Every structure is written in C-alpha cells, then in structure tokens.
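Residue strings, one per chain:
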Amino acid sequence: MIERTLIIVKPDGVRKGLEKSIIRKYENAGLRMVKRKVLTPTPDLLKKHYSAHVKKPFYPYLEKFMSSGPVVAMVFEGEDAVATVRKVTGATDPAKADVGTIRRDFGDMELPDDDRIMMNLVHASATKEEAEKEIKLWFG
Ligand code: CMP
C-alpha cells in the first residue's frame, strides 16, 4: 500500500553534512521525498513529538540535543513507506543497527554529563498512525 511517513534528520546528521546521503538511502529503497522543511525545533514542538518519552530520564537531554540546531523534516512516500523507512533507518542504538542501515553506517554515540543520549542521526515514524500524527504536527 502507498503510504507516507515522517523522517527528521537530527542536528547531528545536519552538522555532519549527511542530509544528501540519508535521502539517497531512502530513494534507493524506492521512496520519494514529497515535503521538506528546515527548522530548529522548539521545546514545545519536541514535547508533542516525543510525548511518549517526556517522562523518561533521558528526555531533558533529548530535548536539548534536538533543539541544539537545525533539523530537516521530510515526508517520504512509497510502497509500505513506514516499514521500508524503519528498515533502512536501523535500530535506535546505532551499535545494534544492521550493517547497511543509516544509523549503523553513519552513526556514533556520545556521553554527555551523567546520562547518555543516542545521537542516531534520524527519527522515523514507528507506525502508520504515528506517521499521520507526526506529519500533521511538523507540516500542519
Ligand atoms: P528517536 O527514534 O528519535 O526516538 C526517541 C529518541 O530518544 C531516540 O530516537 C533516541 O535518540 C533517544 N533515545 C531513545 N532511547 C534512549 C535511551 N535509552 N537513552 C538515550 N536516548 C534514547
């Protein structure tokens, strides 16, 4: 089924100049970008986007990291876009992501202060429902 899903190239991905390489990975999987927007996310937007994580101990670090600079929000469209994007993106922890995925091929980890935030280059919607919600949130 033709679906749409949201991708965010996070501040680490933008700083490393990886936007084009990341887009190419999704295009090579048969998807096409239909929307793109560059912005520095506000804490308010991030609290809505990460509502499932707001109460977790790592959330303050996640918010600080995600609002530390510009991100690129994009909508990709194609056959089974949600699952295809998840596969190409790889596991949350870059060290556990399969070889060939974005997070494994381009990712690393950093250890700020007393907590660890996974700087994993991209966010990808987990389900079709989440994708619809997130596309509305980021693109209105
Ligand atoms: P993302 O796919 O954007 O969804 C939530 C983000 O929180 C995740 O990628 C990571 O950047 C971060 N994250 C998730 N779990 C942890 C964790 N246990 N420790 C630190 N950061 C995490």
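The model shown is predicted, which means the values in this text are computed figures rather than measured ones.

Undergrad: Please give an account of the packing of aromatic side chains that cites residues and values.
TA: Using the criterion set out here, one finds 1 aromatic pair in the structure. Residues Tyr26 and Phe76 carry aromatic rings whose centres are separated by 5.2 Å and whose planes lie at 55° to one another, so their mutual orientation is tilted. Of the two residues, Tyr26 sits in helix α2 (residues 19-28) while Phe76 sits in strand β3 (residues 71-79), which places them 50 residues apart along the sequence. There is no split in this pair, since Tyr26 and Phe76 are both buried.

Undergrad: Would you mind going over unusual backbone geometry in detail, with residue names and values included?
TA: The residue Asp80 is not glycine, and still its phi comes out positive at about 50°. One can find Asp80 in the loop between β3 and α5 (81-89). With phi around 70°, Leu121 is a residue other than glycine that occupies positive phi space. One can find Leu121 in the loop between α6 (102-106) and β4 (122-124). Among the residues examined, Leu121 registers a relative accessible area of 0% and is labelled buried.

Undergrad: Before we move on, can you summarise the pairing of β3 with the specific residues and values?
TA: Extensive coverage of β3 is indicated by the burial of 8 of its 9 residues. Bridge count between strand β1 (residues 2-9) and β3: 8 bridges; the pairing is antiparallel. Following the sheet pairing, Thr5 is matched in β3 by Phe76. As defined by bridge partners, strand β2 (residues 32-39) adjoins β3 across 7 bridges and the pair is classed as antiparallel. Across the sheet, the residue bridging to Arg36 is Met74, located in β3.

Undergrad: Mind laying out the sheet that holds β4, listing which residues take part and the relevant values?
TA: Where strands meet in a sheet, backbone hydrogen bonds hold them as pairs that are either parallel or antiparallel. Read across the open sheet, the 4 strands follow the order β2-β3-β1-β4; overall the sheet is antiparallel. Whereas interior strands pair on both sides, the edge strands pair on one side only; in this sheet they are β2 and β4. Pairs of neighbouring strands in the sheet enclose a mean axial angle of 20°, with direction left out of account. Lying on the sheet, α2 is in contact with β1, β2, β3 and β4; it crosses β3 at an angle near 15°. Together, β1, β3 and β4 form the strand contacts of α5, whose direction differs from that of β1 by roughly 35°.

Undergrad: Lay out the environment of Ala95 with the relevant residues and their values.
TA: Residue placement: Ala95 occurs in the loop between α5 and α6. A relative accessible area of 57% places Ala95 in the exposed class. For Ala95 and Leu62, which are 33 residues apart along the polypeptide, the C-alpha to C-alpha distance reads 18 Å.

Undergrad: Please give an account of the pattern of salt bridges that cites residues and values.
TA: Under the definition given, this model contains 7 salt bridges. Among the ionic pairs, Arg4 bridges to Glu77, the shortest N-O distance being 2.8 Å. In this pair, Arg4 sits in strand β1 while Glu77 sits in strand β3, placing the two residues 73 residues apart along the sequence. For Arg4, a relative accessible area of 37% corresponds to the partly exposed category. Residue class for Glu77 comes out buried when judged on its relative accessible area of 17%. Across the pair Arg36 and Glu19 runs a salt bridge, and its minimum N-O distance is 2.8 Å. Residue Arg36 is located in strand β2, and its partner Glu19 is located in helix α2; the two are separated by 17 residues in the primary sequence. For Arg36, a relative accessible area of 45% corresponds to the partly exposed category. Here Glu19 falls in the buried class, since its relative accessible area comes to 19%. A single network of salt bridges, built from pairs that share partners, joins Arg4, Arg32 and Glu77.

Scoring rules and cut-offs
- Residues numbered from 1 in each chain as written.
- Predicted model: local features only at pLDDT ≥ 70, side-chain atom pairs only at ≥ 80, totals over all residues.
- Heavy atoms only, no water.
- Phe/Tyr/Trp six-rings, centres within 6.5 Å; stacked < 30°, edge-to-face > 60°.
- Helix = DSSP H or I, 4+ residues; strand = E, 2+ residues; numbered from the N terminus.
- Buried < 20%, exposed > 50% of the residue type's maximum accessible area, 1.4 Å probe, protein only.
- Pairing = 2+ DSSP bridges.
- Axes fitted to C-alpha atoms, helices over the stretch in contact; angles between N-to-C directions.
- Contact = heavy atoms within 4.5 Å.
- Salt bridge = Lys/Arg side-chain N within 4 Å of Asp/Glu carboxyl O.

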